[in-house]
Amino acid sequence: MTILIGHPPGGSYDLYARLAADHMRRFIPGNPNIIVQSKPGGGSAVATAYLYELAPKDGTMLGLFAEA
């Protein structure tokens, strides 16, 4: 699984995503690896567009973006 964040690594959103990944792993059958991937740019617009247009639509990618 992947958590996509629209901010650079090392910030608060990165911390929130990594904490969520560590917590969620215990509650998903099989304890899958959850990767946090940063895709900064355009106030999370780049990451949002990627998630909407190109990311797999099978539930293996989640997004964490900036509030508008």
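Above this note sits the structure.
Thresholds applied
Along each chain, the written sequence defines residue order, and numbers are assigned to residues from 1. For a predicted model such as this one, the threshold for reporting local features is a pLDDT of at least 70, and the threshold for listing and counting side-chain atom pairs is 80 or more; totals across whole chains, interfaces and linings nevertheless cover every residue. Processing note: side-chain calculations cover all non-hydrogen atoms of the structure and skip hydrogens and water entirely. Think of it this way: any DSSP run of H or I at least four residues long counts as a helix, any run of E at least two long counts as a strand, and we number them from the N terminus. Accessible area is worked out with a 1.4 Å probe on protein chains only. A residue is then buried under 20% of its type maximum, exposed over 50%, and partly exposed in between. Contact definition: two residues touch when any of their heavy atoms are within 4.5 Å. Patches draw on residues past 30% relative accessible area with no salt bridge. Two like charges within 9 Å are joined, as are two nonpolar side chains (Val, Leu, Ile, Met, Phe, Trp, Tyr) within 5 Å. Computed with a 1.4 Å probe, the accessible areas rest on the Shrake-Rupley method; for each residue, only the protein chains presented here act as cover. By salt bridge we mean one thing: a side-chain nitrogen of Lys or Arg within 4 Å of a carboxyl oxygen of Asp or Glu. For this analysis, a nonpolar core means a set of buried residues of the types Ala, Val, Leu, Ile, Met, Phe, Trp, Tyr and Cys, connected via side-chain atoms within 4.5 Å. Paired strands are those between which DSSP finds at least two bridges. Note on method: axes are straight lines fitted to C-alpha atoms, helices fitted across the in-contact stretch only, with angles between N-to-C directions ranging 0 to 180 degrees. What a helix should span is 1.5 Å times the count of its residues minus one. When we speak of the arc, we mean the arc of directions from the helix axis to the C-beta atoms. Here the term right-handed applies to a crossover when the path leading from its first strand over the helix to its second strand runs clockwise, the strands being oriented away from the viewer.

(A) Region of the structure containing the side chain of Asp14. Along the chain, the position of Asp14 falls in helix H1 (residues 12-25). Owing to a relative accessible area of 7%, Asp14 belongs among the buried residues under this scheme. Apart from residues lying up to four places away in sequence, Asp14 is in contact with Ile5, Pro8, Pro9 and Val36.

(B) The arrangement of a nonpolar patch on the surface in detail. A cluster of nonpolar residues, Leu15, Tyr16 and Leu19, forms a patch on the protein surface that exposes about 330 Å² of accessible area. Tracing the backbone through its elements, the reader meets Tyr16 in helix H1.

(C) Summary view of the nonpolar core. By size, the foremost hydrophobic cluster in this structure holds 6 residues: Ile3, Ile5, Ala17, Ala21, Ile34 and Val36. Contributing elements (two or more residues each) for this core: strand S1 (2-5) and H1. Apart from the residues lying within four places of it in its own chain, the contact partners of Ile34 are Met1, Ile3, Ala21, Met24, Arg25 and Ile28.

(D) Local environment of the sheet that holds strand S3 (residues 61-64). Sheet architecture is open: 3 strands sit in the order S2-S1-S3, paired in parallel fashion. In this open sheet, the two strands that pair with only one neighbour each are strand S2 (35-38) and S3. Between one strand axis and the next, the sheet turns by 25° as a mean value, whatever way the strands run. Packing of helix H2 (residues 45-53) onto the sheet brings it into contact with S1 and S3, and relative to S1 it is tilted by some 140°.

(E) How the structure looks around H1. Under the 1.5 Å per step criterion, the end-to-end length of H1 is 20 Å for 14 residues, consistent within 8% with the ideal 20 Å. Burial in H1 covers these residues: Tyr13, Asp14, Ala17 and Ala21. Along the axis of H1, the buried positions cluster into a sector of 100°, meaning they face one direction only.

(F) Region of interest: the pairing of S1. Covered by surrounding structure in S1 are Thr2 and Leu4 together with Ile3 and Ile5, the residues of both alternating faces. Looking at chain direction, S1 and S2 are connected through 4 bridges and run parallel. Its bridge partner being in S2, Leu4 is matched across the sheet by Gln37. Considered for its hand, the β-α-β crossover made up of S1, H1 and S2 is right-handed. Note that S1 and S3 share 4 bridges and pair parallel. Paired with Thr2 across the bridge in S3 is Met61.

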